[in-house]
Amino acid sequence: MDAAAVNVAAYAANLAPLPVTLTATITNPPNTPLSYRLSNSGSAVAGSSFVWQSSQAGSLTISFPGPAALGAGSFQGSVDLAVCLDAACAQPITASPAHIMVTYVVEPGSQPAASFTVGPGPAQITSPLFTSQTTSILDDFSFYVTDFPSSGLWVQIRQPAGGPITSAALEDVTGPTAVVGLTLKSPATLGPGIYNDSVSFSLCYDSTCQSLVAGSPVTEPIDFTVSASVGIEYTSQTATVPGASSVAWDPANQQLYATTVSGGADPDALLQIDPLSGAVGPSLTLPVALTQLAISGDGQYAYVSSKDQPTIYRVQLPSLVSDLQIPLGSGANGANSVYQMAVAPGANQTLAVSLDSGGSTAYTAGIAVFDGATQRPNLLPPLNSLGEPAPLAWSDSAATLYALRSAPANPAWLSEIDLVNVTTSGLAVGTAFPIDLQTDPLHAIFYAGGRLYGNDATVRDATSGATLGQFAIPDGYQIITLLPDPANSRVFFLTHAMASSHLVLLYYSSVSFAMVSLADLGYDNSGGYPLSMTLWGGNGIAFDYGGDSVVILGGAFTPAAQGAHASPAIQRLAMPYPVAAHSAR
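In this text, all values refer to a predicted model and were calculated from it rather than measured experimentally.

Criteria and cut-off values
- Residues numbered from 1 in each chain as written.
- Predicted model: local features only at pLDDT ≥ 70, side-chain atom pairs only at ≥ 80, totals over all residues.
- Heavy atoms only, no water.
- Pairing = 2+ DSSP bridges.
- Helix = DSSP H or I, 4+ residues; strand = E, 2+ residues; numbered from the N terminus.
- Axes fitted to C-alpha atoms, helices over the stretch in contact; angles between N-to-C directions.
- Disulfide = S-S within 2.5 Å.
- Buried < 20%, exposed > 50% of the residue type's maximum accessible area, 1.4 Å probe, protein only.
- 1 Å grid on protein atoms, 1.4 Å probe; cavity = no way out; pocket = protein on both sides within 12 Å on 5 of 7 lines; lining within 4 Å.
- Points joined across faces, edges and corners; volume = space filled by probe spheres on them.
- Nonpolar A, V, L, I, M, F, W, Y, C, P; charged D, E, K, R; others polar.

**Focus: the sheet that holds strand 33 (residues 426-434)**
By way of backbone hydrogen bonds, the strands of a sheet pair with one another, either parallel or antiparallel. Within the open sheet, the 4 strands sit side by side as 30-31-32-33. Their pairing is antiparallel. The sheet terminates laterally at strand 30 (392-394) and strand 33, the two strands that pair on one side only. The mean angle between the axes of side-by-side strands here comes to 25°, regardless of whether they run parallel or antiparallel. Of the strand pairs in this sheet, strand 32 (residues 414-423) and strand 33 are connected by 8 bridges, and their pairing is antiparallel. The residue bridging isoleucine 417 from the neighbouring strand is phenylalanine 433, located in strand 33.

In C-alpha coordinates, the structure reads:
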(Lines give C-alpha, C1' and ligand atoms only; values in the text may rest on other atoms or scores of the structure.)
Protein backbone atom coordinates (compact mmCIF):
# COMPACT_ATOMS: atom_id res chain seq x y z
CA MET A 1 0.00 0.00 0.00
CA ASP A 2 1.17 3.55 -0.61
CA ALA A 3 0.04 4.53 2.92
CA ALA A 4 -0.42 2.68 6.22
CA ALA A 5 -2.56 5.33 7.87
CA VAL A 6 -5.20 7.89 6.90
CA ASN A 7 -6.06 11.01 8.91
CA VAL A 8 -9.18 13.05 8.14
CA ALA A 9 -11.09 15.79 9.89
CA ALA A 10 -14.49 17.45 9.75
CA TYR A 11 -16.72 19.81 11.70
CA ALA A 12 -19.79 18.42 13.42
CA ALA A 13 -22.20 20.65 11.51
CA ASN A 14 -20.72 19.95 8.08
CA LEU A 15 -20.61 17.10 5.57
CA ALA A 16 -18.41 14.03 5.78
CA PRO A 17 -14.86 14.23 4.46
CA LEU A 18 -14.28 13.18 0.89
CA PRO A 19 -13.44 9.50 0.41
CA VAL A 20 -9.71 8.71 0.32
CA THR A 21 -8.21 6.47 -2.34
CA LEU A 22 -5.01 4.45 -1.80
CA THR A 23 -3.07 2.38 -4.30
CA ALA A 24 -2.14 -1.27 -3.74
CA THR A 25 0.83 -2.54 -5.75
CA ILE A 26 1.38 -6.26 -6.43
CA THR A 27 4.95 -7.44 -6.93
CA ASN A 28 5.52 -10.45 -9.22
CA PRO A 29 1.81 -11.23 -9.77
CA PRO A 30 0.93 -14.81 -10.72
CA ASN A 31 -0.46 -15.77 -14.13
CA THR A 32 -3.83 -16.65 -12.59
CA PRO A 33 -6.27 -13.96 -11.39
CA LEU A 34 -6.05 -12.80 -7.79
CA SER A 35 -9.01 -12.25 -5.48
CA TYR A 36 -9.40 -9.91 -2.49
CA ARG A 37 -11.33 -9.51 0.75
CA LEU A 38 -12.08 -6.30 2.69
CA SER A 39 -12.92 -5.89 6.36
CA ASN A 40 -13.64 -2.68 8.26
CA SER A 41 -13.69 -1.90 11.96
CA GLY A 42 -14.16 1.12 14.22
CA SER A 43 -16.47 4.12 14.12
CA ALA A 44 -14.12 6.15 11.94
CA VAL A 45 -14.86 4.04 8.84
CA ALA A 46 -18.21 4.01 7.00
CA GLY A 47 -17.17 1.63 4.23
CA SER A 48 -14.53 0.61 1.75
CA SER A 49 -14.23 -0.70 -1.82
CA PHE A 50 -11.49 -2.10 -4.02
CA VAL A 51 -11.07 -2.03 -7.81
CA TRP A 52 -8.34 -3.72 -9.86
CA GLN A 53 -6.58 -1.30 -12.18
CA SER A 54 -4.30 -3.94 -13.69
CA SER A 55 -2.73 -7.28 -12.74
CA GLN A 56 -0.21 -5.34 -10.68
CA ALA A 57 -2.26 -2.57 -9.07
CA GLY A 58 -5.63 -1.76 -7.55
CA SER A 59 -7.39 1.19 -5.84
CA LEU A 60 -8.71 1.00 -2.28
CA THR A 61 -11.30 3.71 -1.45
CA ILE A 62 -12.26 4.45 2.16
CA SER A 63 -15.40 6.45 3.02
CA PHE A 64 -16.30 8.09 6.31
CA PRO A 65 -19.50 8.61 8.31
CA GLY A 66 -21.19 11.96 8.65
CA PRO A 67 -19.67 13.97 11.54
CA ALA A 68 -23.06 14.84 13.06
CA ALA A 69 -23.69 11.17 13.84
CA LEU A 70 -20.38 10.90 15.70
CA GLY A 71 -20.30 14.19 17.54
CA ALA A 72 -17.17 16.04 18.53
CA GLY A 73 -14.14 13.90 19.38
CA SER A 74 -11.38 11.70 17.98
CA PHE A 75 -12.41 8.37 16.45
CA GLN A 76 -10.43 5.38 15.30
CA GLY A 77 -10.96 2.68 12.75
CA SER A 78 -9.17 0.40 10.36
CA VAL A 79 -9.46 -1.29 6.99
CA ASP A 80 -7.86 -4.64 6.17
CA LEU A 81 -7.26 -5.58 2.55
CA ALA A 82 -6.35 -9.20 1.87
CA VAL A 83 -5.17 -10.21 -1.60
CA CYS A 84 -5.32 -13.97 -2.20
CA LEU A 85 -4.45 -16.66 -4.67
CA ASP A 86 -7.88 -18.33 -4.25
CA ALA A 87 -11.49 -17.15 -4.30
CA ALA A 88 -12.10 -18.06 -0.64
CA CYS A 89 -9.02 -16.02 0.33
CA ALA A 90 -7.58 -18.98 2.23
CA GLN A 91 -4.19 -18.40 0.54
CA PRO A 92 -3.17 -14.74 1.05
CA ILE A 93 -0.10 -13.49 -0.78
CA THR A 94 2.99 -12.28 1.08
CA ALA A 95 2.39 -9.21 3.31
CA SER A 96 -1.34 -9.71 3.04
CA PRO A 97 -3.58 -8.51 4.59
CA ALA A 98 -2.58 -4.85 4.52
CA HIS A 99 -3.74 -2.99 7.63
CA ILE A 100 -4.65 0.72 7.28
CA MET A 101 -5.28 2.72 10.44
CA VAL A 102 -7.86 5.51 10.22
CA THR A 103 -8.04 8.53 12.54
CA TYR A 104 -11.07 10.79 12.22
CA VAL A 105 -11.23 14.03 14.21
CA VAL A 106 -14.59 15.79 14.50
CA GLU A 107 -14.39 19.40 15.63
CA PRO A 108 -17.39 20.99 17.35
CA GLY A 109 -19.54 23.53 15.53
CA SER A 110 -19.22 24.61 11.88
CA GLN A 111 -16.18 25.01 9.70
CA PRO A 112 -15.29 28.65 8.89
CA ALA A 113 -16.79 29.76 5.60
CA ALA A 114 -14.54 29.18 2.62
CA SER A 115 -13.29 32.02 0.43
CA PHE A 116 -11.34 32.12 -2.79
CA THR A 117 -9.59 34.27 -5.37
CA VAL A 118 -9.18 33.62 -9.09
CA GLY A 119 -6.22 34.65 -11.20
CA PRO A 120 -4.42 33.74 -14.41
CA GLY A 121 -3.03 30.23 -14.52
CA PRO A 122 0.30 29.04 -15.91
CA ALA A 123 -1.04 28.57 -19.46
CA GLN A 124 -2.13 31.88 -20.97
CA ILE A 125 -3.17 32.93 -24.47
CA THR A 126 -0.48 34.69 -26.47
CA SER A 127 -2.18 37.20 -28.73
CA PRO A 128 -2.39 37.68 -31.64
CA LEU A 129 -3.25 34.21 -32.88
CA PHE A 130 -3.58 33.44 -36.59
CA THR A 131 -6.16 31.54 -38.62
CA SER A 132 -3.40 29.24 -39.85
CA GLN A 133 -3.58 27.57 -36.40
CA THR A 134 -6.01 24.64 -36.55
CA THR A 135 -5.35 23.33 -33.02
CA SER A 136 -7.44 24.42 -30.06
CA ILE A 137 -6.54 27.44 -27.92
CA LEU A 138 -5.61 26.58 -24.33
CA ASP A 139 -6.15 28.90 -21.39
CA ASP A 140 -6.42 28.35 -17.64
CA PHE A 141 -7.16 30.01 -14.31
CA SER A 142 -5.90 29.34 -10.80
CA PHE A 143 -8.04 29.25 -7.66
CA TYR A 144 -6.59 29.93 -4.23
CA VAL A 145 -9.00 28.68 -1.56
CA THR A 146 -8.87 29.42 2.16
CA ASP A 147 -10.73 27.32 4.74
CA PHE A 148 -11.29 24.57 2.22
CA PRO A 149 -13.93 22.21 3.71
CA SER A 150 -13.00 18.58 4.20
CA SER A 151 -16.12 17.61 2.27
CA GLY A 152 -14.73 19.33 -0.81
CA LEU A 153 -16.17 21.95 -3.12
CA TRP A 154 -17.63 22.01 -6.59
CA VAL A 155 -16.64 24.51 -9.27
CA GLN A 156 -19.22 25.65 -11.81
CA ILE A 157 -17.97 27.19 -15.05
CA ARG A 158 -20.19 29.34 -17.27
CA GLN A 159 -19.64 31.52 -20.28
CA PRO A 160 -21.98 33.83 -22.23
CA ALA A 161 -23.93 32.17 -25.03
CA GLY A 162 -21.94 31.83 -28.22
CA GLY A 163 -18.57 32.08 -26.47
CA PRO A 164 -15.39 30.41 -27.69
CA ILE A 165 -15.00 27.83 -24.88
CA THR A 166 -15.62 24.22 -25.89
CA SER A 167 -14.65 22.43 -22.65
CA ALA A 168 -13.28 22.95 -19.16
CA ALA A 169 -11.35 20.55 -16.94
CA LEU A 170 -9.92 20.52 -13.43
CA GLU A 171 -6.26 20.04 -14.22
CA ASP A 172 -4.58 20.07 -10.83
CA VAL A 173 -5.14 20.53 -7.11
CA THR A 174 -2.03 21.33 -5.07
CA GLY A 175 -2.54 22.44 -1.50
CA PRO A 176 -5.06 25.27 -1.48
CA THR A 177 -4.53 25.96 -5.20
CA ALA A 178 -6.56 24.45 -8.03
CA VAL A 179 -6.10 25.01 -11.76
CA VAL A 180 -9.03 24.88 -14.17
CA GLY A 181 -8.05 24.49 -17.80
CA LEU A 182 -10.18 25.81 -20.67
CA THR A 183 -10.17 24.62 -24.25
CA LEU A 184 -11.28 27.18 -26.81
CA LYS A 185 -12.11 26.81 -30.46
CA SER A 186 -9.17 26.92 -32.82
CA PRO A 187 -8.26 30.23 -34.49
CA ALA A 188 -9.09 28.61 -37.85
CA THR A 189 -12.62 27.90 -36.59
CA LEU A 190 -13.12 31.28 -34.92
CA GLY A 191 -11.91 33.33 -37.87
CA PRO A 192 -10.27 36.77 -37.73
CA GLY A 193 -11.55 39.11 -35.06
CA ILE A 194 -11.06 40.73 -31.67
CA TYR A 195 -12.61 38.49 -29.05
CA ASN A 196 -13.66 40.17 -25.80
CA ASP A 197 -15.36 37.35 -23.94
CA SER A 198 -15.59 36.17 -20.36
CA VAL A 199 -15.99 33.09 -18.18
CA SER A 200 -17.50 32.96 -14.70
CA PHE A 201 -16.52 30.61 -11.88
CA SER A 202 -18.66 29.69 -8.88
CA LEU A 203 -17.45 27.60 -5.96
CA CYS A 204 -20.24 25.60 -4.36
CA TYR A 205 -20.71 23.46 -1.23
CA ASP A 206 -23.04 21.06 -3.09
CA SER A 207 -23.10 19.31 -6.45
CA THR A 208 -26.08 21.32 -7.73
CA CYS A 209 -24.45 24.63 -6.81
CA GLN A 210 -27.41 25.78 -4.74
CA SER A 211 -25.11 26.71 -1.83
CA LEU A 212 -22.42 29.09 -3.07
CA VAL A 213 -19.13 30.01 -1.47
CA ALA A 214 -19.13 33.72 -0.66
CA GLY A 215 -17.91 35.82 -3.58
CA SER A 216 -19.32 33.50 -6.25
CA PRO A 217 -19.53 33.94 -9.13
CA VAL A 218 -16.25 35.51 -10.19
CA THR A 219 -16.15 36.69 -13.81
CA GLU A 220 -12.81 36.72 -15.61
CA PRO A 221 -12.16 38.23 -19.07
CA ILE A 222 -10.90 36.17 -21.98
CA ASP A 223 -9.50 38.70 -24.44
CA PHE A 224 -7.49 37.79 -27.51
CA THR A 225 -7.11 38.60 -31.18
CA VAL A 226 -7.22 36.26 -34.16
CA SER A 227 -5.62 37.66 -37.29
CA ALA A 228 -6.15 36.70 -40.90
CA SER A 229 -3.16 34.80 -42.27
CA VAL A 230 -0.98 35.53 -45.25
CA GLY A 231 -1.58 32.86 -47.86
CA ILE A 232 -5.04 31.99 -46.51
CA GLU A 233 -7.28 35.07 -46.36
CA TYR A 234 -4.95 37.49 -48.12
CA THR A 235 -1.64 37.93 -49.92
CA SER A 236 1.17 40.27 -48.94
CA GLN A 237 4.38 41.49 -50.46
CA THR A 238 6.68 44.41 -49.84
CA ALA A 239 8.30 46.63 -52.44
CA THR A 240 11.54 48.11 -51.11
CA VAL A 241 11.29 51.86 -51.69
CA PRO A 242 13.72 53.84 -49.50
CA GLY A 243 12.25 57.22 -48.68
CA ALA A 244 8.70 56.20 -49.64
CA SER A 245 6.31 59.06 -48.85
CA SER A 246 3.08 58.46 -50.79
CA VAL A 247 1.44 55.81 -52.99
CA ALA A 248 -1.39 55.87 -55.57
CA TRP A 249 -2.96 53.55 -58.14
CA ASP A 250 -3.07 54.06 -61.89
CA PRO A 251 -6.21 52.13 -62.96
CA ALA A 252 -5.60 52.57 -66.68
CA ASN A 253 -2.08 51.15 -66.72
CA GLN A 254 -2.64 48.80 -63.74
CA GLN A 255 0.42 50.04 -61.92
CA LEU A 256 1.19 51.51 -58.52
CA TYR A 257 3.22 54.70 -58.23
CA ALA A 258 5.12 55.94 -55.20
CA THR A 259 6.97 59.13 -54.38
CA THR A 260 10.19 59.36 -52.38
CA VAL A 261 12.08 61.90 -50.36
CA SER A 262 15.87 62.05 -50.01
CA GLY A 263 17.73 58.84 -49.33
CA GLY A 264 17.98 55.50 -51.06
CA ALA A 265 18.60 54.52 -54.65
CA ASP A 266 15.88 56.82 -56.07
CA PRO A 267 15.74 59.99 -53.97
CA ASP A 268 13.13 62.67 -54.77
CA ALA A 269 11.53 60.49 -57.41
CA LEU A 270 8.25 59.18 -58.79
CA LEU A 271 8.55 55.37 -59.12
CA GLN A 272 6.46 52.75 -60.88
CA ILE A 273 5.71 49.50 -58.97
CA ASP A 274 4.25 46.27 -60.36
CA PRO A 275 1.60 45.28 -57.77
CA LEU A 276 1.71 41.60 -58.74
CA SER A 277 5.45 41.11 -58.33
CA GLY A 278 6.37 44.05 -56.11
CA ALA A 279 9.12 44.92 -58.57
CA VAL A 280 10.16 48.57 -58.73
CA GLY A 281 10.23 49.82 -62.31
CA PRO A 282 11.12 53.08 -64.06
CA SER A 283 11.47 56.31 -62.10
CA LEU A 284 11.60 60.05 -62.64
CA THR A 285 13.77 62.26 -60.42
CA LEU A 286 12.61 65.80 -59.70
CA PRO A 287 14.42 68.67 -57.95
CA VAL A 288 12.29 68.56 -54.74
CA ALA A 289 11.57 66.01 -52.02
CA LEU A 290 8.25 64.55 -53.14
CA THR A 291 5.58 63.94 -50.52
CA GLN A 292 2.26 64.40 -52.35
CA LEU A 293 0.85 62.31 -55.21
CA ALA A 294 -2.43 62.32 -57.13
CA ILE A 295 -3.24 60.34 -60.30
CA SER A 296 -6.01 61.10 -62.80
CA GLY A 297 -8.75 58.49 -63.22
CA ASP A 298 -7.79 57.86 -66.85
CA GLY A 299 -4.18 57.17 -65.88
CA GLN A 300 -2.81 59.91 -68.16
CA TYR A 301 -1.27 62.15 -65.51
CA ALA A 302 0.37 62.01 -62.11
CA TYR A 303 0.66 65.19 -60.06
CA VAL A 304 3.52 65.35 -57.56
CA SER A 305 4.73 68.01 -55.16
CA SER A 306 6.78 68.79 -52.10
CA LYS A 307 5.25 69.74 -48.77
CA ASP A 308 7.33 72.91 -48.57
CA GLN A 309 7.83 74.09 -52.18
CA PRO A 310 5.36 76.27 -54.18
CA THR A 311 5.26 74.07 -57.30
CA ILE A 312 3.28 71.04 -58.51
CA TYR A 313 4.79 68.90 -61.28
CA ARG A 314 2.53 67.16 -63.79
CA VAL A 315 3.95 63.90 -65.13
CA GLN A 316 2.70 61.94 -68.14
CA LEU A 317 2.05 58.22 -67.48
CA PRO A 318 3.33 55.67 -68.08
CA SER A 319 6.20 57.42 -69.86
CA LEU A 320 7.21 59.37 -66.73
CA VAL A 321 7.80 62.61 -68.62
CA SER A 322 7.22 65.86 -66.72
CA ASP A 323 5.31 68.19 -69.07
CA LEU A 324 3.96 70.98 -66.83
CA GLN A 325 4.76 72.96 -63.68
CA ILE A 326 1.91 74.50 -61.70
CA PRO A 327 2.98 77.51 -59.59
CA LEU A 328 1.13 77.92 -56.30
CA GLY A 329 2.17 81.49 -55.61
CA SER A 330 2.12 82.92 -52.11
CA GLY A 331 -0.33 84.18 -49.53
CA ALA A 332 -0.31 86.45 -46.51
CA ASN A 333 1.77 83.93 -44.58
CA GLY A 334 4.36 83.20 -47.26
CA ALA A 335 4.81 80.82 -50.18
CA ASN A 336 2.00 78.32 -50.71
CA SER A 337 2.62 74.58 -50.80
CA VAL A 338 0.45 71.48 -51.01
CA TYR A 339 -1.35 70.09 -47.98
CA GLN A 340 -3.55 67.76 -50.07
CA MET A 341 -4.50 67.54 -53.73
CA ALA A 342 -6.89 65.48 -55.82
CA VAL A 343 -7.67 65.19 -59.55
CA ALA A 344 -11.29 65.88 -60.48
CA PRO A 345 -13.30 62.84 -61.66
CA GLY A 346 -13.56 62.76 -65.45
CA ALA A 347 -11.30 65.82 -65.86
CA ASN A 348 -7.66 64.83 -65.93
CA GLN A 349 -6.31 68.38 -66.07
CA THR A 350 -8.46 69.76 -63.24
CA LEU A 351 -6.79 69.66 -59.84
CA ALA A 352 -8.11 70.73 -56.44
CA VAL A 353 -5.34 71.83 -54.09
CA SER A 354 -5.61 72.49 -50.36
CA LEU A 355 -2.88 74.99 -49.66
CA ASP A 356 -0.67 75.40 -46.64
CA SER A 357 2.15 77.79 -45.89
CA GLY A 358 5.52 76.25 -46.62
CA GLY A 359 4.61 72.93 -45.02
CA SER A 360 3.86 74.42 -41.61
CA THR A 361 0.15 73.41 -41.76
CA ALA A 362 -0.49 76.30 -39.35
CA TYR A 363 -2.05 78.66 -41.88
CA THR A 364 -3.70 78.37 -45.26
CA ALA A 365 -4.72 80.55 -48.16
CA GLY A 366 -7.61 78.15 -48.73
CA ILE A 367 -8.47 75.66 -51.48
CA ALA A 368 -7.84 76.42 -55.14
CA VAL A 369 -8.80 74.69 -58.39
CA PHE A 370 -6.37 74.59 -61.31
CA ASP A 371 -6.96 73.79 -64.96
CA GLY A 372 -3.52 72.86 -66.13
CA ALA A 373 -1.36 75.67 -64.69
CA THR A 374 -4.25 78.19 -64.60
CA GLN A 375 -5.94 78.83 -61.29
CA ARG A 376 -9.68 79.54 -61.27
CA PRO A 377 -10.41 82.95 -59.76
CA ASN A 378 -12.38 82.10 -56.61
CA LEU A 379 -10.60 80.23 -53.83
CA LEU A 380 -12.42 78.67 -50.88
CA PRO A 381 -10.95 80.76 -48.04
CA PRO A 382 -10.21 79.58 -44.48
CA LEU A 383 -12.84 80.15 -41.80
CA ASN A 384 -10.69 82.92 -40.33
CA SER A 385 -7.16 84.28 -40.58
CA LEU A 386 -5.88 81.43 -38.35
CA GLY A 387 -7.57 78.70 -40.35
CA GLU A 388 -5.77 75.40 -40.87
CA PRO A 389 -5.26 73.63 -44.23
CA ALA A 390 -8.43 71.73 -45.11
CA PRO A 391 -8.71 68.03 -45.98
CA LEU A 392 -10.67 67.65 -49.21
CA ALA A 393 -12.38 65.01 -51.34
CA TRP A 394 -14.07 65.11 -54.73
CA SER A 395 -17.57 63.70 -55.14
CA ASP A 396 -18.44 61.54 -58.16
CA SER A 397 -18.59 64.74 -60.19
CA ALA A 398 -16.16 67.54 -61.03
CA ALA A 399 -18.94 69.94 -60.00
CA THR A 400 -18.87 69.10 -56.29
CA LEU A 401 -16.01 69.08 -53.82
CA TYR A 402 -16.02 68.43 -50.07
CA ALA A 403 -13.79 70.27 -47.61
CA LEU A 404 -13.25 70.01 -43.87
CA ARG A 405 -12.41 73.51 -42.65
CA SER A 406 -11.28 74.27 -39.08
CA ALA A 407 -9.97 77.32 -37.29
CA PRO A 408 -9.29 78.38 -33.69
CA ALA A 409 -11.77 80.89 -32.30
CA ASN A 410 -13.16 82.15 -29.00
CA PRO A 411 -14.91 80.54 -27.13
CA ALA A 412 -14.56 77.35 -29.22
CA TRP A 413 -12.94 76.12 -32.41
CA LEU A 414 -14.85 76.53 -35.65
CA SER A 415 -15.19 73.43 -37.81
CA GLU A 416 -17.48 72.36 -40.62
CA ILE A 417 -17.78 69.98 -43.54
CA ASP A 418 -18.55 72.02 -46.64
CA LEU A 419 -20.33 70.86 -49.75
CA VAL A 420 -18.57 73.09 -52.25
CA ASN A 421 -19.95 74.01 -55.66
CA VAL A 422 -17.24 74.02 -58.35
CA THR A 423 -17.81 76.27 -61.35
CA THR A 424 -15.64 77.88 -64.00
CA SER A 425 -15.27 80.79 -61.59
CA GLY A 426 -13.92 78.60 -58.82
CA LEU A 427 -15.30 77.51 -55.47
CA ALA A 428 -18.30 78.52 -53.37
CA VAL A 429 -19.88 76.84 -50.33
CA GLY A 430 -23.27 75.32 -51.10
CA THR A 431 -24.04 73.70 -47.72
CA ALA A 432 -22.09 73.69 -44.47
CA PHE A 433 -22.41 70.93 -41.84
CA PRO A 434 -21.05 72.11 -38.45
CA ILE A 435 -18.70 69.82 -36.50
CA ASP A 436 -18.13 70.05 -32.75
CA LEU A 437 -14.44 69.25 -32.35
CA GLN A 438 -14.83 68.93 -28.58
CA THR A 439 -16.94 65.79 -29.05
CA ASP A 440 -15.87 64.76 -32.55
CA PRO A 441 -12.11 64.89 -33.29
CA LEU A 442 -12.58 64.77 -37.06
CA HIS A 443 -9.56 65.75 -39.14
CA ALA A 444 -9.80 63.74 -42.38
CA ILE A 445 -12.61 62.92 -44.84
CA PHE A 446 -12.94 60.40 -47.67
CA TYR A 447 -15.73 60.22 -50.27
CA ALA A 448 -17.22 57.05 -51.78
CA GLY A 449 -20.64 56.24 -53.22
CA GLY A 450 -22.55 59.23 -51.89
CA ARG A 451 -21.03 58.96 -48.41
CA LEU A 452 -18.38 60.81 -46.45
CA TYR A 453 -16.15 58.64 -44.27
CA GLY A 454 -14.26 60.33 -41.45
CA ASN A 455 -11.29 59.35 -39.36
CA ASP A 456 -13.72 59.66 -36.42
CA ALA A 457 -15.19 56.35 -37.75
CA THR A 458 -18.46 58.15 -38.59
CA VAL A 459 -20.24 57.76 -41.93
CA ARG A 460 -22.28 60.73 -43.15
CA ASP A 461 -24.64 61.26 -46.04
CA ALA A 462 -22.71 63.42 -48.49
CA THR A 463 -25.76 65.48 -49.45
CA SER A 464 -27.50 66.08 -46.13
CA GLY A 465 -24.64 65.59 -43.70
CA ALA A 466 -26.82 63.18 -41.67
CA THR A 467 -25.02 60.46 -39.75
CA LEU A 468 -25.61 57.06 -41.38
CA GLY A 469 -23.61 54.90 -39.01
CA GLN A 470 -20.56 54.48 -36.83
CA PHE A 471 -17.79 51.91 -37.00
CA ALA A 472 -17.01 50.48 -33.56
CA ILE A 473 -13.23 50.81 -33.43
CA PRO A 474 -11.96 48.68 -30.50
CA ASP A 475 -10.46 50.43 -27.51
CA GLY A 476 -6.71 50.81 -27.79
CA TYR A 477 -6.62 51.00 -31.60
CA GLN A 478 -5.50 54.36 -32.97
CA ILE A 479 -6.68 55.17 -36.49
CA ILE A 480 -3.85 56.11 -38.83
CA THR A 481 -5.84 56.35 -42.05
CA LEU A 482 -8.83 54.71 -43.69
CA LEU A 483 -9.91 53.63 -47.16
CA PRO A 484 -13.47 53.01 -48.43
CA ASP A 485 -13.75 50.18 -50.95
CA PRO A 486 -17.29 50.56 -52.34
CA ALA A 487 -16.85 47.92 -55.04
CA ASN A 488 -16.42 45.29 -52.31
CA SER A 489 -18.79 46.92 -49.76
CA ARG A 490 -16.03 47.33 -47.20
CA VAL A 491 -13.93 49.93 -45.42
CA PHE A 492 -10.35 49.45 -44.23
CA PHE A 493 -8.86 51.19 -41.20
CA LEU A 494 -5.10 51.12 -40.81
CA THR A 495 -4.50 51.33 -37.06
CA HIS A 496 -1.81 51.27 -34.42
CA ALA A 497 -2.60 48.83 -31.59
CA MET A 498 -1.46 50.60 -28.45
CA ALA A 499 -1.06 47.48 -26.26
CA SER A 500 1.14 45.55 -28.70
CA SER A 501 2.58 48.40 -30.83
CA HIS A 502 1.49 46.39 -33.86
CA LEU A 503 0.18 47.73 -37.14
CA VAL A 504 -3.31 46.26 -37.59
CA LEU A 505 -5.62 46.48 -40.59
CA LEU A 506 -9.30 46.43 -39.58
CA TYR A 507 -11.91 45.49 -42.19
CA TYR A 508 -15.56 46.55 -41.76
CA SER A 509 -18.71 46.06 -43.81
CA SER A 510 -19.92 49.34 -45.29
CA VAL A 511 -23.46 47.89 -45.20
CA SER A 512 -23.77 46.67 -41.60
CA PHE A 513 -20.85 48.72 -40.15
CA ALA A 514 -19.73 45.52 -38.36
CA MET A 515 -16.12 44.32 -38.22
CA VAL A 516 -15.60 41.46 -40.66
CA SER A 517 -11.90 40.71 -40.36
CA LEU A 518 -8.50 42.02 -39.35
CA ALA A 519 -4.89 41.45 -40.27
CA ASP A 520 -2.10 41.92 -37.75
CA LEU A 521 0.83 43.15 -39.83
CA GLY A 522 3.41 42.82 -37.08
CA TYR A 523 5.39 45.26 -35.00
CA ASP A 524 4.94 48.85 -36.09
CA ASN A 525 8.53 49.91 -36.66
CA SER A 526 7.64 52.75 -39.00
CA GLY A 527 9.02 55.45 -36.72
CA GLY A 528 5.99 57.43 -37.83
CA TYR A 529 2.66 56.73 -39.35
CA PRO A 530 2.11 55.77 -43.01
CA LEU A 531 0.93 58.75 -44.99
CA SER A 532 -1.38 57.26 -47.61
CA MET A 533 -3.32 54.15 -48.58
CA THR A 534 -4.79 53.31 -51.98
CA LEU A 535 -6.94 50.66 -53.64
CA TRP A 536 -5.41 48.69 -56.47
CA GLY A 537 -6.86 46.16 -58.89
CA GLY A 538 -10.22 44.68 -58.02
CA ASN A 539 -9.38 43.41 -54.54
CA GLY A 540 -6.21 45.01 -53.19
CA ILE A 541 -4.84 47.82 -51.08
CA ALA A 542 -1.37 49.30 -50.74
CA PHE A 543 0.23 51.81 -48.39
CA ASP A 544 3.60 53.47 -47.95
CA TYR A 545 5.21 52.24 -44.77
CA GLY A 546 7.85 53.66 -42.53
CA GLY A 547 9.69 55.61 -45.18
CA ASP A 548 11.35 52.50 -46.60
CA SER A 549 8.75 50.41 -48.42
CA VAL A 550 5.33 50.03 -50.00
CA VAL A 551 3.20 47.20 -48.58
CA ILE A 552 0.93 45.55 -51.16
CA LEU A 553 -1.99 43.45 -49.89
CA GLY A 554 -4.71 41.62 -51.79
CA GLY A 555 -7.56 39.21 -51.22
CA ALA A 556 -10.92 38.83 -49.54
CA PHE A 557 -9.69 38.94 -45.90
CA THR A 558 -12.84 36.99 -45.07
CA PRO A 559 -13.08 34.83 -41.93
CA ALA A 560 -13.70 31.13 -41.42
CA ALA A 561 -17.07 29.80 -40.20
CA GLN A 562 -17.98 29.99 -36.54
CA GLY A 563 -18.02 26.81 -34.43
CA ALA A 564 -20.43 25.40 -31.83
CA HIS A 565 -20.89 26.56 -28.26
CA ALA A 566 -20.28 24.40 -25.18
CA SER A 567 -22.64 23.98 -22.23
CA PRO A 568 -21.70 24.92 -18.63
CA ALA A 569 -19.60 22.46 -16.63
CA ILE A 570 -19.59 21.58 -12.91
CA GLN A 571 -16.62 19.74 -11.38
CA ARG A 572 -15.60 18.83 -7.86
CA LEU A 573 -12.51 20.14 -6.07
CA ALA A 574 -10.97 17.62 -3.68
CA MET A 575 -9.75 18.34 -0.17
CA PRO A 576 -6.31 19.99 -0.27
CA TYR A 577 -5.08 18.33 2.92
CA PRO A 578 -2.40 15.62 3.24
CA VAL A 579 -4.19 12.54 1.94
CA ALA A 580 -3.13 9.72 -0.30
CA ALA A 581 -4.75 11.09 -3.43
CA HIS A 582 -7.01 13.84 -4.69
CA SER A 583 -10.06 13.26 -6.82
CA ALA A 584 -11.91 15.40 -9.32
CA ARG A 585 -15.19 14.23 -10.76
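**A few points about the state of the cysteines**
Taken as a whole and assessed by the stated rule, the structure comprises 2 disulfides. Covalent S-S linkage joins cysteine 84 and cysteine 89, the inter-sulfur distance amounting to 1.7 Å. The sign of the S-S torsion, about 75°, decides the handedness of the disulfide formed by cysteine 84 and cysteine 89: right-handed. Like cysteine 89, cysteine 84 is buried. The cystine pairing of the protein chain, numbering bonded cysteines in sequence order, is 1-2, 3-4.

**A word on unusual backbone geometry**
Note the cis peptide between serine 216 and proline 217, where omega equals -5°. Assignment of secondary structure puts proline 217 in the loop between strand 14 (193-204) and strand 15 (218-227). A cis amide bond links asparagine 410 to the next residue, proline 411, at an omega of 15°. In this structure, glutamine 254 takes a positive phi of about 55° despite not being glycine. Along the chain, glutamine 254 turns up in the loop between strand 17 (244-250) and strand 18 (255-260).

**Things to note about empty space enclosed by the protein**
Under the defined criterion, the tally for this structure stands at 1 cavity of 30 Å³ or more. Empty space within the largest cavity amounts to approximately 50 Å³. Its residues placed into classes, the lining of the largest cavity shows 5 nonpolar, 4 polar and 2 charged.

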